[in-house]
Amino acid sequence: MWYAIEGHDAADSLQRRLQARVDHLARLEALRDAGRLLVAGPCPAIDAPDPGPAGFSGSIVIAEFESLQAARDWADADPYVAAGVYARVDVRPFRKVLP
């Protein structure tokens, strides 16, 4: 089943985000390579594709896992969590309708 994982950035976390980015992306690439990633990306803190020093308000990942608990476990092990980038992470089931 698909699960939506939404990480909400902590205040002033841009530098921590940049430092943990390589490891964070490696996990997403592994999901992609396994055919389990629908979409993933950051949410700019301002209305711009490159927010510069304004940074990001969070990230969204929609990926396939065997259970809600497996999705939560995967999210909890994210390098952004360990680095303190995310203040909160929400994980919930997602039902793809379109496209």
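Structure's up top.
The present account deals with the structure reproduced in this document. (Residues numbered from 1 in each chain as written. Predicted model: local features only at pLDDT ≥ 70, side-chain atom pairs only at ≥ 80, totals over all residues. Heavy atoms only, no water.)

**Section: the sheet that holds strand β2 (residues 37-44)**
We count it as follows: Pairing between two strands is assigned when DSSP locates at least 2 bridges connecting them. Helix and strand assignments follow DSSP, with helices taken as H or I runs no shorter than four residues and strands as E runs no shorter than two, numbered in order from the N terminus. Note on definitions: angles span 0 to 180 degrees between N-to-C directions of axes, and those axes are lines fitted to C-alpha atoms, for helices only across the stretch in contact. Residues count as neighbours in contact if any of their non-hydrogen atoms are within 4.5 Å of one another.
One open sheet holds the four strands; their spatial order is β2-β3-β1-β4, and the pairing between them is antiparallel. Edge positions in the sheet fall to β2 and β4 (86-94), since each has one partner strand and no second. Strand-to-strand twist of the sheet, defined as the mean angle between neighbouring strand axes without regard to direction, takes the value 10 degrees. Bridge analysis of β2 against strand β3 (residues 56-64) gives seven bridges, and the strand direction is antiparallel. Bridge assignment links A40 to a residue of β3, and that residue is V61. This element, helix α1 (residues 14-33), spans β1 (2-9), β2, β3 and β4 of the sheet and lies at about 10 degrees to β3. Its contacts with the sheet put helix α2 (residues 68-76) on β1, β3 and β4, and the angle it makes with β4 is roughly 155 degrees.

**Looking at α2**
To keep things clear, this is the line we draw: The cut-offs for exposure are 20% and 50% of the maximum accessible area for each residue type, with area from a 1.4 Å probe on protein chains only; residues under the lower value are buried, those over the upper are exposed, and the others partly exposed. In this description, the arc belongs to the directions extending from the helix axis to the C-beta atoms.
Every buried residue of α2 is listed here: A71, W74 and A75. In an axial view of α2, the angular spread of the buried residues amounts to 100 degrees, which keeps them on one side of the axis. Of the surrounding elements, those touching the buried residues of α2 are β1, α1, β3, α3 (79-82) and β4.

**A look at the pairing of β1**
Among the eight residues in β1, six count as buried, and that is most of the element. The pairing of β1 with β3 spans seven bridges and is classified as antiparallel. What sits directly across from A4, in β3, is I62. Looking at chain direction, β1 and β4 are connected through eight bridges and run antiparallel. Along β4, the bridge assignment pairs A4 with R92.

That's the geometry; what it means functionally is another story.
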